[in-house]
Amino acid sequence: MNPFNLNGPYFLLFYVILCVLMLVLSNVLITVFERKLPIPKISLKDPYLIAYLRKGMTEAIILATMTLKARGLLVEDNGSRKLKTSRPESVNMAQYPIEKAVLTVFNRKTEAEEVLNRKACKQSCDDYEKLLSENNLIINNYIYHQRLYRLCFPFCIASFFSLIRFFTALSEGRNNVLFLFILFICYLGGLWYLLSYRKTDAGLRLLGDLKALFTPLYKRTKTMPLNEFLYEHTLIAAVFGMDITPSYLNTVRHYFPSLNRDSKKDSSSSCGSSCGSSSGSGCGGCGGCGS
Amino acid sequence: MGAAVVAEVRFKDRFGLGWRPEYAANILMNIDKIDIIEIIGENFVNDKHLTNSLKTLATQIPISIHCVSLGLASSLPVNIKRIEKMAKLFDVITPVSWSEHFAFVRSKYFEIGHLAAPPRNEDTIKGSVKNINVAKEIIGSLPFLENIATLVSPPCSVLSEAQWINQIVQKSSAGILLDLHNLLANSYNFKFCPIAFLDEINLNMIYMIHLSGGRYIENPIHPEKVHLLDDHLHDIPEEIYNLLTIVAEKCPNDLTVIIERDGCFPSFNHILFQLNKSKLAIQKGRNNAHLKRKYEDKL
């Protein structure tokens, strides 16, 4: 059967199926290559690095701001959305460069959202970008070119069919090629998404592993007061997102209203398929048979 | 000072914790203060994502795998399917070591549900050696075997625990994971001296140490009797550090010391404090051994 002999609607259906198959093939080709990338040995002590990997600069900066507020280094200004440092020497208590940059922003009373626009805060994330990029956890030049190389064949196949059909239609005096053109643009959009997707497979695997390791802790966050278990909450927020508890989410919504954060309804939806069934139990003590 | 420096350089002892989700975040945060992590194999083997997550954990810190359900110390053949399932973890990571117990956990027909002390006789020695060799063939390396605490003296026993353990390790070449609180509990419950046990057991085969705590419980039938229960829910008692010093003094091997805590979790700083205390106890033992050698050489 010659697909070029198909009538208009049938050819469009064929073309949709072809594009979907080519996008799936593209994804498989990229995944097969990136699956060979090892998970690198990088220090995971910094929760902001994990947040940056998961969702980028905005997430890391917001998490740093919320953590500093929970630590009492940032305080609210009379019920407004403005924050300021609790003491002049607060900036000396920063544990990471991103915290120092955020605290510097709030040396004077400032709208919370302003922290996302400050150059110093953005620059404080440069090291994260560099580290993750060098370790192939997020896209870099090498990854980009490898993906581009693997998208050539699917691109050519779909382009071939669309161009032949396009010129055939024009040569027959038909100009009803708009839908074909739209489908081709959508297909290019799909390829572009695959080409430029920020995280590599290694980055996704690292995040998946962290979610699996910390799922039992995540499930306990409701029983862990924020002020007593701040590091745990920060790490969980970095790995799973700041919509971990309503109080945390509400704080983010209050100070960053333009970001429209939604809560996740239950923990399993944010774990996805990475939820572990570990009970975390040990030997349980070798108590013996009893008497 | 000179003796302390020499003793320190000679041994490459390692100090670590059992991996517990409650401490997961703090372990990551304090990874430079911990040398090794021990995971319970059964907690990871049933979930593919958790199994794979070991790859990431292994990039952060060396891992030892501790199993609780194989039941190697038995006259009955070990369940090969269980070992093969556990071996999947070894496909994912290369652990520093793996361990099980001098215990059985099932009969032919039912699962006991906890570690039970087998009779200490020739049958269980033969069975244990055979099971250890089967495990070695499937997994690819010999395990360290841990002494367990028991509230019931196993019937049909003709050997002491130390004699029985010595024979198994001699015939199988497996190493010993010495749980000092289990030793303390057994010595209290069965009225023997733990130091005498250390004199009897083959210290040359000890490679790992477990430290934990427990509590005293009343015998439900004879309330006047009190037993020491190894429940892993309490701090490490002082006697354990003293026993640790004695082991460090006499054992010629590098030791891996693991603190086990399964509940009633204190602050992580408190756990690190206990870890540091165990380092000091080991160092004291090593120093004692060094001084002893030094004076013996002079004589």
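Residues numbered from 1 in each chain as written. Chains lettered and ligands numbered in written order. Predicted model: local features only at pLDDT ≥ 70, side-chain atom pairs only at ≥ 80, totals over all residues. Heavy atoms only, no water.

Chemist: Which parts of the structure should I look at to understand the overall build of chain A?
Modeler: Each helix and strand counted, chain A has 12 helices and 3 strands in total. Here chain A holds 291 residues, and the buried ones make up 48% of them. The long-range share in chain A, meaning contacts at least 24 apart out of those at least 6 apart in sequence, stands at 70%. Only carbon and sulfur atoms are counted for the fraction: they give 58% of the accessible area of chain A, which is about 14600 Å². (Helix = DSSP H or I, 4+ residues; strand = E, 2+ residues; numbered from the N terminus. Buried < 20%, exposed > 50% of the residue type's maximum accessible area, 1.4 Å probe, protein only. Contact = heavy atoms within 4.5 Å. Areas by Shrake-Rupley, 256 points an atom, 1.4 Å probe, with all protein chains shown as cover.)

Chemist: Can you help me understand the nonpolar core in this one?
Modeler: The tendency in soluble globular proteins is for nonpolar side chains to be buried side by side. Phe214 of chain A together with Leu180 and Ile209 of chain B are the most contacted members of the largest nonpolar core, which totals 143 residues. Considering each element in turn, this core owes the most residues, 9 residues, to helix α9 (residues 201–219) of chain A. Formed by 16 residues, the second largest nonpolar core is a distinct cluster that contains Phe11, Leu180, Phe184 and Leu195 of chain A. (Core = buried A, V, L, I, M, F, W, Y, C linked by side-chain atoms within 4.5 Å.)

Chemist: Honestly, the sheet that holds strand β12 (residues 256–259) of chain B in this entry has me stumped. Any pointers?
Modeler: Sheet strands associate in pairs through backbone hydrogen bonding, adopting either a parallel or an antiparallel arrangement. All names here are of chain B. Taken together, the 8 strands give a closed barrel; going around it, the order is β1-β2-β3-β4-β7-β8-β9-β12, and neighbouring strands pair in parallel fashion. The sheet shows a mean angle of 25 degrees between the axes of neighbouring strands, direction not considered. Of the strand pairs in this sheet, strand β7 (residues 144–146) and strand β8 (residues 175–179) are connected by 3 bridges, and their pairing is parallel. Following the sheet pairing, Leu145 is matched in β8 by Ile176. Of the strands in this sheet, β8, β9 (206–211) and β12 are in contact with helix α10 (residues 238–250), which crosses β9 at around 170 degrees. (Pairing = 2+ DSSP bridges. Axes fitted to C-alpha atoms, helices over the stretch in contact; angles between N-to-C directions.)

Chemist: Just checking my understanding: could you explain the pairing of β8 of chain B for this structure?
Modeler: If a strand is regular, its side chains alternate between the two faces of the sheet. Residues and elements named next belong to chain B. Counting buried positions along β8 yields 5 of 5 residues, so the element is predominantly enclosed. Residues Gly175, Leu177 and Asp179 line one face of β8 and the alternating positions Ile176 and Leu178 line the opposite face, and both faces are buried. Bridge analysis of β8 against β9 gives 4 bridges, and the strand direction is parallel. The residue bridging Asp179 from the neighbouring strand is His210, located in β9.

Chemist: What is the right way to read the confidence of the model for chain B from this model?
Modeler: Residues and elements named next belong to chain B. When pLDDT is averaged along chain B, the result is 93, and 97% of the positions lie at 70 or above. Below pLDDT 50 for its whole length, residues 1–8 participates in 10 contacts with residues either more than four positions away or in separate chains. Our summary of model confidence lists the complex with pTM equal to 0.86 and ipTM equal to 0.85. (pLDDT = per-residue confidence, 0-100.)

Chemist: I keep staring at helix α10 (residues 230–240) of chain A and nothing clicks. Help me out?
Modeler: The periodicity of an α-helix, 3.6 residues per turn, causes residues three or four positions apart to be oriented the same way. Residues and elements named next belong to chain A. Extensive coverage of α10 is indicated by the burial of 11 of its 11 residues. Inspection of α10 places Leu230, Tyr231, Glu232, His233, Thr234, Leu235, Ile236, Ala237, Ala238, Val239 and Phe240 among the buried residues, and these make up the whole buried set. One or two positions beyond α10, positive phi appears at Gly241, with a value near 115 degrees.

Chemist: Hey, could you run me through the environment of Asn186 of chain B in this one?
Modeler: Residues and elements named next belong to chain B. Tracing the sequence through the fold places Asn186 in helix α8 (residues 180–190). Asn186 sits 39 residues away from Asn147 along the chain, and the two C-alpha atoms are 10.0 Å apart. When sequence neighbours within four positions are dropped, the list of residues in contact with Asn186 reads Ile148, Ala149, Thr150, Glu161, Lys191 and Phe192. Of note is the side chain of Asn186, whose polar atom sits 3.0 Å from the backbone nitrogen of Thr150. (Polar contact = N/O pair within 3.5 Å; in protein donor to acceptor, adjacent residues only side chain to side chain.)

Chemist: Can you walk me through unusual backbone geometry in this structure?
Modeler: Phi is mostly negative for residues that are not glycine, and the peptide bonds are mostly trans. All names here are of chain B. Positive phi outside glycine occurs at Lys191, with the angle close to 60 degrees. Position of Lys191 among the secondary structure elements: in the loop between α8 and α9 (194–200). You can call Lys191 exposed: its relative accessible area is 66%. The backbone phi angle of Cys264 is positive, close to 45 degrees, even though this residue is not glycine. As for its placement among the helices and strands, Cys264 is situated in the loop between β12 and α11 (268–298). With relative accessibility at 56%, the residue Cys264 sits in the exposed group.

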